[in-house]
Amino acid sequence: PSSDCVVAEQLCLSDSTCNATYRTLENCALAKTRLLSLDHDSRVRCLNAELDLGNSSLLHCKCHRRMKRQEHCLRIFWTVHSSMTDGEMKKEYTCFHTESPLETCFMFPFCVSFGFIDSQLAGDATNPCLRATHVCNLSKKCFRLRTDYASICTKGAGSEDVCDRRKCHRGLRNFFEKVPEDFTKRILFCPCQDEFCGERRRKTIVPDCSFQYNTKPNCLWLLDSCLEDHICKSRLADFQQNCQPVDLSPDGCSLHNRAACLQAYMGMIGTPMTPNYVSNSSVEVSLWCTCENSGNQKEKCDQILGMFESNKCL
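Since this is a predicted model, take the numbers as computed values, not measurements.

Turning next to the overall build of the protein chain. If you tally the helices and strands in the protein chain, you get 18 helices and 2 strands. A burial count over the protein chain gives 48% of its 314 residues as buried. Taking the contacts inside the protein chain whose residues are at least 6 apart along the sequence as the reference set, 71% of them involve residues at least 24 apart. Roughly 16700 Å² of accessible area belongs to the protein chain as shown, and the carbon and sulfur atoms make up 52% of that amount.

Here is the structure:
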């Protein structure tokens, strides 16, 4: 069976039985998206429809992070798994296939020592983030896509006009998905020794538009916004799986997961839960949100914020 959800959907729709089951699941997913409460019989019908898929390729399909029609693919994935709870999403599922053996091979040594890839870069007195940007500018594709999102994200930012955050996020996702990671990782994770470098690194994603609001929203609101978005919901599941701290590991994080964790972190940029560096003099990252006034959900809110602020894998 095909592992691509778009192809799997086409196969299902050509079969009358699978087609009927899939249409039922679409209604279930729509109800959940609109936060409509389902009665007991409706919930049972939705769960049975998912089980009725049996060995259908739809039940086991996934999406590729850099694929065309990615949002459509993820809509299919969450339609098929509309009955999944947040806990199940965190523990059992990832929505994406790994990129390719080549990228996995490249990422591991990069994550372990990304500050020392280029000995001249690490020891040079010039700004490493400026140098990483210069390397990007030498690539037509990297330069074009970086210019695109920078233009969108700076329009209206820092003035009385409000920037178009949705377009800014889309431009950022486009950059991090379509530009080879040899460029994007150097720009986002360039090693800094001073605040001038740190300032440029922090502003890589144009935080006035993509990251900050006039006032910090509650982290639970950010989570709700994320779970209503197919792309963000999938990236969050990917992040939770690959950036899960491991107590038994010497440094608190599984070494073989570091590459996947950094990739998953980059995947969160350009979503409603976009993270960023907290200052010019630190490599600590966070979400732009607060847990004040969370009431009896304070513990859940702290956990959401802690996924980034207190995550040893980052």
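Along the polypeptide, Tyr149 turns up in helix α10 (residues 140–154). Each C-alpha atom of the pair Tyr149 and Asn174 lies 8.3 Å from the other, and the pair is 25 residues apart in sequence. Apart from the residues lying within four places of it in its own chain, the contact partners of Tyr149 are Gly171, Leu172, Phe175, Thr204 and Val206.

Let us look at the environment of Ile152. Inspection of the secondary structure puts Ile152 in helix α10. Assessed through its relative accessible area of 30%, Ile152 is described here as partly exposed. Separated by 17 residues in the primary sequence, Ile152 and His169 place their C-alpha atoms 9.3 Å from one another. Every residue in contact with Ile152, bar those within four places of it in the chain, is listed here: Lys167 and Cys168.

Side chains of residues three or four places apart in an α-helix project in the same direction, reflecting 3.6 residues per turn. Spanning 13 residues, helix α3 (residues 40–52) covers 18 Å between terminal C-alpha atoms, matching the ideal 18 Å at 1.5 Å per step. Taken together, the buried positions of α3 are Ser42, Cys46, Ala49 and Glu50. Taken end-on, α3 shows its buried residues confined to a sector of 100°, consistent with a single buried face. Turned more than 90 degrees from where α3 packs its buried face, His40, Asp41, Leu51 and Asp52 sit exposed.

Reading the values: the criteria
- Residues numbered from 1 in each chain as written.
- Predicted model: local features only at pLDDT ≥ 70, side-chain atom pairs only at ≥ 80, totals over all residues.
- Heavy atoms only, no water.
- Helix = DSSP H or I, 4+ residues; strand = E, 2+ residues; numbered from the N terminus.
- Buried < 20%, exposed > 50% of the residue type's maximum accessible area, 1.4 Å probe, protein only.
- Contact = heavy atoms within 4.5 Å.
- Areas by Shrake-Rupley, 256 points an atom, 1.4 Å probe, with all protein chains shown as cover.
- Expected span 1.5 Å × (residues − 1).
- Arc of directions from axis to C-beta.

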